[in-house]
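The lines below spell out each chain.
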Amino acid sequence: MTVDEIAEGRRQAFYQGIQPLHLSPLWTVLHAVVTREPVVKEVPHLWAWRAVRPYLEEAARLIGTDEAERRVLVLENPGEVPHPAVTQTLYAGLQIILPGEVARTHRHTANALRFIVEGEGAYTTVDGEKTVMRRGDFVTTPIWSWHDHGNSSDQPMVWLDGLDVPLVNRLNGMFGDPFPTEVQPVTKAPDDSWWRWGQSLRPVGDPPPQARRASPIVNYRYTVARAALEALQRQGDLDPWDGIRLEYQNPVTGGPALPTMAAYLQLLPRGFRTASHRHTSGTVYCVVEGRGRTWAGDVEMRWEPNDVFVVPAWMPHRHEVLGDEEAVLFSFDDAPVQRAFGLYREDKE
Ligand code: GTQ
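Treat the numbers as computed from the prediction; the structure is a model and nothing was measured.

### As for the packing of aromatic side chains
According to the stated counting rule, one finds 12 aromatic pairs in the structure shown. Here phenylalanine 115 and phenylalanine 330 contribute two aromatic rings whose centre-to-centre distance is 4.1 Å and whose plane-to-plane angle is 10°, an arrangement assigned as stacked. Of this pair, phenylalanine 115 sits in strand S5 (residues 112-118) while phenylalanine 330 sits in strand S21 (residues 327-333), placing them 215 residues apart in sequence. Overall, phenylalanine 330 belongs to the buried group, its relative accessible area being 0%. Members of the aromatic cluster, joined through ring pairs, are Phe115, Phe138, Tyr220, Tyr248, Phe330 and Phe332.

### A word on the site of the ligand
In the vicinity of the ligand, the residues found are Arg70, Val72, Tyr91, Gln95, His106, His108, Arg114, His147, His149, Asp161 and Leu163. At 2.8 Å, a side-chain N or O of histidine 108 approaches an oxygen atom of the ligand. Summarising the interface, the protein chains cover 89% of the accessible area of the ligand, which totals 290 Å² for the free molecule. Mapped by element, the contributors of at least two residues to the shell around the ligand are strand S3 (91-97), strand S4 (102-108), strand S9 (147-151) and strand S10 (157-163).

### Things to note about the side chain of glutamate 42
Inspection of the secondary structure puts glutamate 42 in the loop between helix H2 (30-33) and strand S1 (45-47). Among the polar contacts listed, one links the side chain of glutamate 42 to the backbone nitrogen of alanine 313, at a separation of 3.0 Å. In contact with glutamate 42, not counting residues within four places along its chain, are Asn77, Val81, Val86, Thr87, Gln88, Gly282, Pro312 and Ala313.

### Observations concerning the sheet that holds S3
Taken together, the 6 strands give an open sheet; going across it, the order is S2-S3-S10-S5-S8-S12, and neighbouring strands pair in antiparallel fashion. Whereas interior strands pair on both sides, the edge strands pair on one side only; in this sheet they are strand S2 (72-74) and strand S12 (219-220). This element, helix H3 (residues 49-62), spans S2, S3, S5 and S10 of the sheet and lies at about 55° to S3.

### Structural notes on the sheet that holds strand S6 (residues 120-126)
Reading across the sheet, the 5 strands line up as S7-S6-S9-S4-S11 and stay open at both edges, with antiparallel pairing between neighbours. The open sheet is flanked by strand S7 (129-134) and strand S11 (176-178), the only strands paired with a single partner. For this sheet the average axis-to-axis angle between neighbouring strands, irrespective of direction, equals 25°. Of the strand pairs in this sheet, S4 and S9 are connected by 3 bridges, and their pairing is antiparallel. Looking at S9, one finds that histidine 106 is bridged to histidine 147.

What counts and what doesn't
Residues numbered from 1 in each chain as written. Predicted model: local features only at pLDDT ≥ 70, side-chain atom pairs only at ≥ 80, totals over all residues. Heavy atoms only, no water. Phe/Tyr/Trp six-rings, centres within 6.5 Å; stacked < 30°, edge-to-face > 60°. Helix = DSSP H or I, 4+ residues; strand = E, 2+ residues; numbered from the N terminus. Buried < 20%, exposed > 50% of the residue type's maximum accessible area, 1.4 Å probe, protein only. Near = heavy atom within 4 Å. Polar contact = N/O pair within 3.5 Å; in protein donor to acceptor, adjacent residues only side chain to side chain. Areas by Shrake-Rupley, 256 points an atom, 1.4 Å probe, with all protein chains shown as cover. Contact = heavy atoms within 4.5 Å. Pairing = 2+ DSSP bridges. Axes fitted to C-alpha atoms, helices over the stretch in contact; angles between N-to-C directions.

Here is the structure:
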């Protein structure tokens, strides 16, 4: 035995000796713990609407909302993330609600957002404010707000749910409650929060609802956000990496719509190809209009309306619009959390 082998043998014996005391040597794993860059476990993936839609319908035949509470197909990242999760910190799912159904009232500490993919006329009520939703609307359900969904239209309705569930669970912060009744009482006028806060006007003497650090606005309408994109496109200001990308803003703080999640609506003109960049926030996209492809690392994802795809944190990505229409993409990410702790970084090529 060489001197080195003898030394290594003594070390191994030492490591085994300290194990029962629940101790371990840092020096054998230091380079795996403090890495030069993030080691990201989530992988790029696209859920094609065409493939998923029939299973939503089948789920609706198999189970009712009374039993399921929320009838959702979770978009599970194929990588090694703590499930259910679409990235290390974010959760995404497609929720279907049939005419006449109710998804009963509850609240939880996870923040939630919805982006309406199909249908028109179902509603969400958030803390007493009822909003009737249409395709492309962006709806917030902040931490600890009572919310229920119902469909009083004559067609199924489908939306994308985005929640910070993996993050909240990692932080041991999950609490949840059922409301005493299935449907909560509606105590406010329809879209009350939009009229109070969404018009660059604010009610005098109305204290800004800052406590939850979330936007007071329940429903940001697609028609409004789409018109803003259109106006900016006419102006011709195109960001090489993002085209025209608007963030849904908390009008009280100027910050993100939810404390942990930011949401965006983005227009990429006909034939546009973005430059490549990467950032420490992972992003979930939902295609609203047009078709195209996105490269994330080596993976090419071809998309069309209602497809959902995920670009992992810190992975270089770029978009290209195909066909003869412009493209509109909704997206959400965990950038607010990263920024809050000084962790956000972006790398532009
Ligand atoms: O609609 O309240 O996809 O509580 C996961 C958890 C949706 C909801 C989800 C939820 C909801």
